[in-house]
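Chains, contacts and geometry: an overview
Residues per chain, in single letters:
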Amino acid sequence: MKHVCCDCKKDFCSVCSVLQENLRRCSTCHLLQETAFQRPQLMRLKVKDLRQYLLLRNIPTDTCREKEDLVDLVLCHHGLGSEDDLDSSSLNSSRSQTSSFFTQS
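The sections below set out a description of the structure shown in this document. (Residues numbered from 1 in each chain as written. Predicted model: local features only at pLDDT ≥ 70, side-chain atom pairs only at ≥ 80, totals over all residues. Heavy atoms only, no water.)

1. Overview of the pattern of salt bridges
This model, assessed by the stated rule, comprises 2 salt bridges. Among the salt bridges present, the one from Asp7 reaches Arg25, with a minimum N-O distance of 2.8 Å. Here the residue Asp7 occupies a position in the loop between β1 (3-4) and β2 (11-12), and Arg25 occupies one in strand β4 (residues 23-26), the gap between them amounting to 18 residues. The shortest N-O distance in the salt bridge between Asp72 and Arg39 comes to 2.7 Å. Of the two residues, Asp72 sits in helix α4 (residues 67-77) while Arg39 sits in helix α2 (residues 39-43), which places them 33 residues apart along the sequence. (Salt bridge = Lys/Arg side-chain N within 4 Å of Asp/Glu carboxyl O. Helix = DSSP H or I, 4+ residues; strand = E, 2+ residues; numbered from the N terminus.)

In structure tokens form, the structure reads like this:
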């Protein structure tokens, strides 16, 4: 039986996924979730797991040379899928400041 990971939305079998608090995650997403996306904990993970997490989200890792590059990429993309984490008011204010900068002579 296939299960869909609530994070990466890919299909996994029961063996390759973890059920926790009525949410099913693939082993990779579960592993990263356990770090609470804190840099020191992410740095302890294997490069293979960091790459797999990014691959599941279709984020290219070919520019990453160091483990720190992968961690930076994970932190940069973490939470971008959910609108709750995006502060639209600060985004809009920075946009309006930028546009007024270019329109003034």
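2. A closer look at the side chain of Arg24
Mapped onto the elements, Arg24 comes out in strand β4. Put simply, Arg24 is tucked away with no salt bridge, and the nearest opposite charge, on Asp11, sits 10 Å away. Among the polar contacts listed, one links the side chain of Arg24 to the side chain of Ser17, at a separation of 3.0 Å. (Buried < 20%, exposed > 50% of the residue type's maximum accessible area, 1.4 Å probe, protein only. Lys, Arg positive; Asp, Glu negative; His and termini not counted. Polar contact = N/O pair within 3.5 Å; in protein donor to acceptor, adjacent residues only side chain to side chain.)

3. Here's the deal with the nonpolar core
Counting 19 residues, the largest nonpolar core has Leu32, Leu50 and Val74 as the members making the most contacts within it. Contributions of two or more residues to this core are made by α1 (27-34), α3 (47-56) and α4. Excluding residues within four positions of it along the chain, Leu32 makes contact with Phe37, Leu42, Leu45, Asp49, Leu50, Tyr53 and Val74. (Core = buried A, V, L, I, M, F, W, Y, C linked by side-chain atoms within 4.5 Å. Contact = heavy atoms within 4.5 Å.)

4. Quick look at the pairing of strand β3 (residues 17-20)
Pairing of β3 with β4 involves 4 bridges; the strand directions are antiparallel. When the sheet's bridge partners are listed, Ser17 is paired in β4 with Cys26. (Pairing = 2+ DSSP bridges.)

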